[in-house]
Amino acid sequence: MTIAIVPVLADLPDAFDSLRDEARGEGHTHMERLAAAWATGATRFDAAGEALLAAFVAGVLAGVGGMTIDPSDPTAFRMRRFYVRPAFRRHGVGRCLADALMAKARHLTHRVVLNAETELAVWFWEALG
């Protein structure tokens, strides 16, 4: 399986609405918050060091993940708006997104924080170290 990691710059990916629907169906609202903040320009992941990445498998949007400056510590970055569609979990998509974001952060800070809201998310981030 080839995973392509692409920066999201001007517009959310074309298939974002279906990804957001899947997240909502699982009870997650963070893709809704991403869409709303993107639409208003409140959060565009465009400050120095920030990034929003999309993962594609065979041209299909498999997941997204972002990193912003942590609002409580401007010397740290915060992982946010991270979601991988169920069909693509356990295939390395989340790891590729996380690794790409961490590689970017590594050059700028020694501290990255996150808030894991589910047991699955806790397990994922702990497995990455």
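Keep in mind it's a predicted model, so treat the numbers as computed, not measured.

Peer 1: Sorry if this is basic, but what is going on with helix 1 (residues 16–25) here?
Peer 2: An α-helical segment advances 3.6 residues per turn. Residues three or four places apart therefore align on the same side. Along helix 1, the positions that sit buried rather than exposed are Phe16, Leu19, Arg20 and Ala23. Down the axis of helix 1, the sector holding all buried residues measures 100°, keeping them to one side. Buried-residue contacts for helix 1 involve helix 2 (30–40), strand 3 (60–70) and strand 4 (73–84).

Peer 1: Would you take a moment to explain the pairing of strand 3 for this structure?
Peer 2: Looking down a regular strand, the side chains alternate between one sheet face and the other. Among the 11 residues of strand 3, nine are classified as buried, and the element is accordingly described as predominantly covered. Two successive antiparallel strands, strand 2 (residues 51–57) and strand 3, enclose a turn made up of two residues, where Ala58 displays a positive phi of approximately 50°. Pairing between strand 3 and strand 4: seven bridges, direction antiparallel. Bridging from a neighbouring strand, Gly66 pairs with Arg80 of strand 4. A loop of two residues connects strand 3 with strand 4, the two strands running antiparallel in sequence.

Peer 1: Got a minute to help me understand the packing of helix 1 against helix 2 in this structure?
Peer 2: Helix packing for two helices is described by the angle between their axes and how far apart those axes are. The N-to-C vectors of helix 1 and helix 2 enclose an angle of 145°; their axes lie 8 Å apart at closest approach. Residue-level inspection shows Phe16, Leu19, Arg20, Ala23 and Arg24 of helix 1 in contact with helix 2, the latter providing Met31, Glu32, Leu34 and Ala35.

Peer 1: Help me out: how do you make sense of the pattern of salt bridges in this one?
Peer 2: Side chains carrying opposite charge are able to pair once their charged atoms draw close together. Counted by the stated rule, this structure contains six salt bridges. Among the salt bridges present, the one from Asp17 reaches Arg20, with a minimum N-O distance of 2.8 Å. In this pair, Asp17 and Arg20 both sit in helix 1, three residues apart, roughly one turn of the helix. One salt bridge in this structure joins Glu22 and Arg85, with 2.7 Å as the shortest N-O distance. Here Glu22 is found in helix 1, whereas its partner Arg85 is found in the loop between strand 4 and helix 3 (93–106), with 63 residues between them in sequence. Overall, Glu22 belongs to the partly exposed group, its relative accessible area being 29%. According to the relative accessible area criterion, Arg85 is buried, its value standing at 9%.

Peer 1: Mind showing me how you'd approach unusual backbone geometry here?
Peer 2: When glycine is set aside, most residues are seen to have a negative phi, and most peptide bonds are trans. The residue Phe45 is not glycine, and still its phi comes out positive at about 55°. Considering the arrangement of structural elements, one finds Phe45 in the loop between helix 2 and strand 2. Note on Phe45: relative accessible area 6%, which makes it buried. The backbone of Ala58 sits at a positive phi, close to 50°, despite the residue not being glycine. Within the fold, Ala58 resides in the loop between strand 2 and strand 3. Using a relative accessible area of 77% as the deciding quantity, one classes Ala58 as exposed.

The rules behind each value
Residues numbered from 1 in each chain as written. Predicted model: local features only at pLDDT ≥ 70, side-chain atom pairs only at ≥ 80, totals over all residues. Heavy atoms only, no water. Buried < 20%, exposed > 50% of the residue type's maximum accessible area, 1.4 Å probe, protein only. Helix = DSSP H or I, 4+ residues; strand = E, 2+ residues; numbered from the N terminus. Arc of directions from axis to C-beta. Contact = heavy atoms within 4.5 Å. Pairing = 2+ DSSP bridges. Axes fitted to C-alpha atoms, helices over the stretch in contact; angles between N-to-C directions. Salt bridge = Lys/Arg side-chain N within 4 Å of Asp/Glu carboxyl O.

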